[in-house]
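Now for the letters of each chain:
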Amino acid sequence: MKKLFRSFGYAFKGIAYTTKTQLNFRIHLGVTAVAVLLGIWLQISVSEWQWIAVCIALVLVTEIFNTMIETLVDLVSPGYNEKAGHIKDMSAGAVVIAALFALITGIIIFLPRLLLLIR
Ligand SMILES: Nc1ncnc2c1ncn2[C@@H]1O[C@H](COP(=O)(O)OP(=O)(O)OP(=O)(O)O)[C@@H](O)[C@H]1O
């Protein structure tokens, strides 16, 4: 049990490190807070909450993996290396795909309700 708690401690240390060092991760957390508040305010359905939860997890997880890959690349290849550059670009591409998926899902769920409110 003690070992389990220690593992969680390390995991939270990793999340805290990403939050402290990555502006993009802090922006994603801010957007997450806005999406959750909008969901509560607009009283979205259970299945819509599930889509929002998938988006939040997908974006945060890919951003952590991106940070991890960047850090690893800098560690193993501190100098200029074309492949190192490609690896970082692919990793950043994964975050963009996740963020676009989240943006489109957010528009599908929130926009019709917001338009109804301003009419
Ligand atoms: N070692 C390297 N060799 C070749 N190109 C690199 C190398 N490191 C970075 N690059 C290129 O520069 C880009 C930016 O790299 P950088 O490490 O600054 O990442 P970043 O996306 O700005 O991340 P962050 O700002 O979160 O640290 C990479 O996507 C890649 O195209």
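The name that an unreviewed UniProt entry assigns to the chain is Undecaprenol kinase, with the source organism given as Mucilaginibacter gotjawali. Comment text from UniProt for the chain, heading Subcellular location (unreviewed entry), reads "Cell membrane". Quoted verbatim from the Sequence similarities (unreviewed entry) field of the UniProt record, the comment on the chain reads "Belongs to the bacterial diacylglycerol kinase family."

(A) Here's a closer look at the pattern of salt bridges. With the rule as written, the count across this model stands at two salt bridges. Residue Glu48 pairs with Arg113 through a salt bridge whose shortest N-O separation is 3.0 Å. Pair noted here: Glu48 is in helix 3 (residues 46-76) and Arg113 is in helix 4 (residues 82-118), with a separation of 65 residues, a long-range link.

(B) Here's a closer look at the packing of aromatic side chains. Within the structure shown, the criterion is met by one aromatic pair. Residues Trp51 and Phe101 carry aromatic rings whose centres are separated by 6.3 Å and whose planes lie at 55° to one another, so their mutual orientation is tilted. One end of the pair, Trp51, is in helix 3; the other, Phe101, is in helix 4, and 50 residues separate them in sequence. In this structure Phe101 comes out as partly exposed when scored by relative accessible area, which is 33%.

Conventions and cut-offs
Residues numbered from 1 in each chain as written. Predicted model: local features only at pLDDT ≥ 70, side-chain atom pairs only at ≥ 80, totals over all residues. Heavy atoms only, no water. UniProt positions renumbered as here; feature names shortened; annotations may be inferred. Salt bridge = Lys/Arg side-chain N within 4 Å of Asp/Glu carboxyl O. Helix = DSSP H or I, 4+ residues; strand = E, 2+ residues; numbered from the N terminus. Phe/Tyr/Trp six-rings, centres within 6.5 Å; stacked < 30°, edge-to-face > 60°. Buried < 20%, exposed > 50% of the residue type's maximum accessible area, 1.4 Å probe, protein only.

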